[in-house]
Amino acid sequence: MIRMKKILVANWKMHKTRREALSFLAALQEPERLSLKIAAPYTLIAELVDACHGREVEIGAQNMHEAASGAYTGEISLGMLRDVGAKFVLIGHSERRHLFKESEEEIQAKVERAVVEGFPLILCVGETEEEKTQGETEEVLKRQLLSALEELSVEQLEKVLIAYEPVWAIGTGKNAIPSDVNNTHRSIRDILFQSLGAAPPILYGGSVSVENISDFLRFEHIAGALVGGASLEVSNVNQMIQKIEFLEV
Ligand code: 13P
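Below, the structure is looked at part by part. (Residues numbered from 1 in each chain as written. Predicted model: local features only at pLDDT ≥ 70, side-chain atom pairs only at ≥ 80, totals over all residues. Heavy atoms only, no water.)

Let's talk about the site of the ligand
Test applied: By convention in these notes, a residue is near a molecule or strand provided one of its non-hydrogen atoms lies within 4 Å of it. Here a polar contact is taken to be a pair of N or O atoms separated by no more than 3.5 Å, where protein atoms must pair a possible hydrogen donor with a possible acceptor and residues adjacent in sequence count only if both atoms sit in side chains. Charged residues are taken to be Asp, Glu, Lys and Arg, nonpolar residues to be Ala, Val, Leu, Ile, Met, Phe, Trp, Tyr, Cys and Pro, and polar residues to be all remaining types, Gly included.
Residues in contact with the ligand amount to 13 residues; listed here are only the nearest, H93, E165, G171, S207 and G229. Here an oxygen atom of the ligand sits 3.0 Å away from a polar atom, N or O, in the side chain of N11. In the model, an oxygen atom of the ligand is placed 2.8 Å from a nitrogen or oxygen of the H93 side chain. When grouped by side-chain class, the residues that make up the shell around the ligand number 4 nonpolar, 7 polar and 2 charged.

Structure below.
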């Protein structure tokens, strides 16, 4: 049986200068049996794309504006991302939803823009601690998923990845239980299959580390990881690559 390549996405958030980013790349191990992506700050994309030419690592962005162009001071369009060689974009990260009050309507509009332009995207979803305590996880995920993806065809879904990131596990060191995450991913798959007829691969994010990455990725429905804090050190990423490459699944 051919093993589907696991996916490792580093989300650098608002970290790294050009010099730091290039020295990271210089020390980065070449992945062979996994797909490696870096969601970089806008200022680093062009240079990282050049530096990654011919290498097995894809550079993308952490956000975008939904309009093609216009009077939106401080914003970045998808055309601009494409122009500097970005290959994917994160949409609806929990920090965008909660710190920057991005609404489900805006997230849907961003998804639509990416889909119209045939650009790969990673849609991030996840419940807060309060929603989890209230037993609302499935309902929240269903709303976030369908409000963003409902209009997509099976063919359009091929350019989409989902990242399940429970808000309470992001940057907190609080680990979700891998078997619970696998069950949540199964529910996400069921929701998407029932409503859209297909389900993209689902990544997990939230305090993923060198120590715990294998515990998550050995599960069938966990297609990969979206890693924040632990992805800033190249030695950590190299160790994660090693662990994933030798994972028996
Ligand atoms: P941490 O890995 O720092 O918890 O961040 C997760 C995340 O938000 C990745 O997008």
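Overview of the packing of aromatic side chains
Ring pairs (aromatic) are described by centroid distance and by the angle formed between their planes. Basically, it comes down to this: In this scheme Phe, Tyr and Trp rings, the latter by its six-membered ring, pair at centre separations within 6.5 Å, and the angle between planes marks the pair as stacked below 30 degrees, edge-to-face above 60, and tilted otherwise. Numbering goes from the N terminus for both helices and strands, where a helix is a DSSP run of H or I of at least four residues and a strand is a run of E of at least two.
Counted by the stated rule, this structure contains 3 aromatic pairs. Between the aromatic rings of W12 and F24, the centroid separation amounts to 4.8 Å while the plane-to-plane angle is 75°, which identifies the pairing as edge-to-face. Of this pair, W12 sits in the loop between β1 (6-11) and α1 (18-27) while F24 sits in helix α1, placing them 12 residues apart in sequence. Considering the side-chain rings of Y164 and Y204, the 6.2 Å spacing of their centres and the 50° angle between planes classify their relative orientation as tilted. Here Y164, found in strand β6 (residues 160-164), pairs with Y204, found in strand β7 (residues 202-205); they are 40 residues apart in sequence, far enough to count as distant.

Digging into the nonpolar core
Heads up, the rule is: Residues belong to one nonpolar core when they are buried, are Ala, Val, Leu, Ile, Met, Phe, Trp, Tyr or Cys, and are joined through side-chain atoms within 4.5 Å. Three exposure classes are used, based on accessible area relative to the maximum for each residue type with a 1.4 Å probe and protein chains only: buried under 20%, partly exposed in between, and exposed over 50%. Contacts: residue pairs with any heavy atoms within 4.5 Å of one another.
Formed by 69 residues in total, the largest nonpolar core has its most connected members in L8, L123 and L149. Contacts of L123, omitting those with residues within four sequence positions, involve I91, R97, I107, V111, L145, A148, L149, L161, I162 and A163. Formed by 12 residues, the second largest nonpolar core is a distinct cluster that contains A39, I122, L161 and L226.

Some remarks on the environment of G126
Among the structural elements, G126 can be located in the loop between β5 (121-125) and α6 (129-133). Counting along the chain gives 30 residues from G126 to R96, while the straight-line C-alpha distance between them is 12 Å. G126 has contacts with V140, L141, Q144, Y164, E165, P166 and V167, leaving out every residue within four places of it along the chain.

Concerning the pairing of β6
To keep it simple, the criterion reads: By this definition, two strands are paired if DSSP reports at least two bridges between them.
Along β6, 5 of the 5 residues are buried, which leaves the element largely enclosed by surrounding structure. Of the two faces of β6, both are covered, the one formed by V160, I162 and Y164 as well as the one formed by L161 and A163. Pairing analysis gives 5 bridges linking β5 to β6, with the strands arranged parallel. If you follow C124 over to β6, its bridge partner there is A163. Note that β6 and β7 share 3 bridges and pair parallel.

Observations regarding the pattern of salt bridges
When their charged atoms lie close together, side chains carrying opposite charge are able to pair. Formally: The term salt bridge refers to a side-chain nitrogen of Lys or Arg lying within 4 Å of a carboxyl oxygen of Asp or Glu.
Under the definition given, this model contains 11 salt bridges. One salt bridge in this structure joins R143 and E104, with 3.1 Å as the shortest N-O distance. Residue R143 is found in helix α7 (residues 137-149), and its partner E104 is found in helix α5 (residues 104-116); the two are separated by 39 residues along the sequence. In this structure, E117 engages R113 in a salt bridge whose closest nitrogen and oxygen atoms are separated by 3.1 Å. Of the residues examined, E117 reaches a relative accessible area of 27% and is grouped as partly exposed.

Comments concerning the side chain of T128
Within the secondary structure, T128 sits in the loop between β5 and α6. With relative accessibility at 18%, the residue T128 sits in the buried group. Excluding residues that lie within four positions of it along the chain, T128 makes contacts with H98, V167 and W168.

A word on the environment of R82
In this fold, R82 is placed in helix α3 (residues 78-83). With 36 residues separating them along the chain, R82 and A46 place their C-alpha atoms 9.9 Å apart. Apart from the residues within four sequence positions on either side, R82 is in contact with E117 and F119.

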